[in-house]
Amino acid sequence: MTTVLAMVLSLVFLPLGLAKIAAVPVMRQAAAHLGVSAGVHRVVGALEVAGVAGVLLGLTWMPLGVAAATGLALLMAAAAVVHLRHGDPPPRAVPAAVMALISLTYAATTTAAG
């Protein structure tokens, strides 16, 4: 189960993080919509990529995986709040909230398997 969750997190966060770092047009538009500077958006992308690395390395060293997944969960909780504060309808915050829950599930199952 832990490996499956790690793969899901990786397949979602890696391309999105890399797209933010590369400032592809759709990511620049998303950042502008939320009132986030390109620099801050790139930092978020770097945190997502680092989170993926931590989750994958966490398959061999559990504390790192738990810390990385917790960081991704906090990042996604913040993303959901940012969407709501900028007037997006609640369904626009759902993907971030779901990814936060998946990240927490990974952390919990990794800890339980410990």
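It should be noted that the structure appears before, not after, this text.
No experiment lies behind these values; they were computed from the predicted model shown.

In an α-helix, one full turn covers 3.6 residues, which means residues spaced three or four apart are oriented alike. Taken residue by residue, helix H2 (residues 25-34) has Met-27, Ala-31 and Leu-34 as its buried positions. Projection of H2 onto a plane perpendicular to its axis shows the buried side chains occupying an angular sector of 70 degrees, all on one side. When the buried face of H2 is taken as reference, the exposed residues oriented beyond 90 degrees from it are Val-26, Gln-29 and Ala-32. Against the buried residues of H2 lie helix H1 (2-22), helix H3 (38-57) and helix H4 (62-85). One or two steps after H2, the chain reaches Gly-35, where phi turns positive at roughly 75 degrees.

Let us now look at the environment of Gly-54. Take Gly-54: it is sitting in helix H3. Taking the C-alpha atoms as reference points, Gly-54 and Val-66, separated by 12 residues in sequence, lie 8.4 Å from one another. Once you skip the residues sitting within four places of it in the chain, Gly-54 turns out to touch Leu-64, Gly-65 and Ala-68.

Viewed as axis vectors pointing N to C, H1 and helix H5 (residues 94-113) meet at an angle of 150 degrees, and their least axial separation amounts to 9 Å. It follows that H1 is roughly antiparallel to H5 by the angle criterion. Seen along the crossing, H1 lies across H5 with a hand that is left-handed. Across from Thr-2, Leu-5, Ala-6, Val-8, Leu-9, Val-12 and Phe-13 in H1, the residues of H5 making contact are Met-99, Ile-102, Ser-103, Thr-105, Tyr-106, Thr-109 and Thr-110. Its residues assigned to classes, the contact of H1 with H5 shows 9 nonpolar, 5 polar and no charged.

The rules we used
- Residues numbered from 1 in each chain as written.
- Predicted model: local features only at pLDDT ≥ 70, side-chain atom pairs only at ≥ 80, totals over all residues.
- Heavy atoms only, no water.
- Buried < 20%, exposed > 50% of the residue type's maximum accessible area, 1.4 Å probe, protein only.
- Helix = DSSP H or I, 4+ residues; strand = E, 2+ residues; numbered from the N terminus.
- Arc of directions from axis to C-beta.
- Contact = heavy atoms within 4.5 Å.
- Axes fitted to C-alpha atoms, helices over the stretch in contact; angles between N-to-C directions.
- Parallel < 35°, antiparallel > 145°, perpendicular 65-115°, else oblique.
- Left-handed = near helix turned anticlockwise from the far one by under 90°.
- Nonpolar A, V, L, I, M, F, W, Y, C, P; charged D, E, K, R; others polar.

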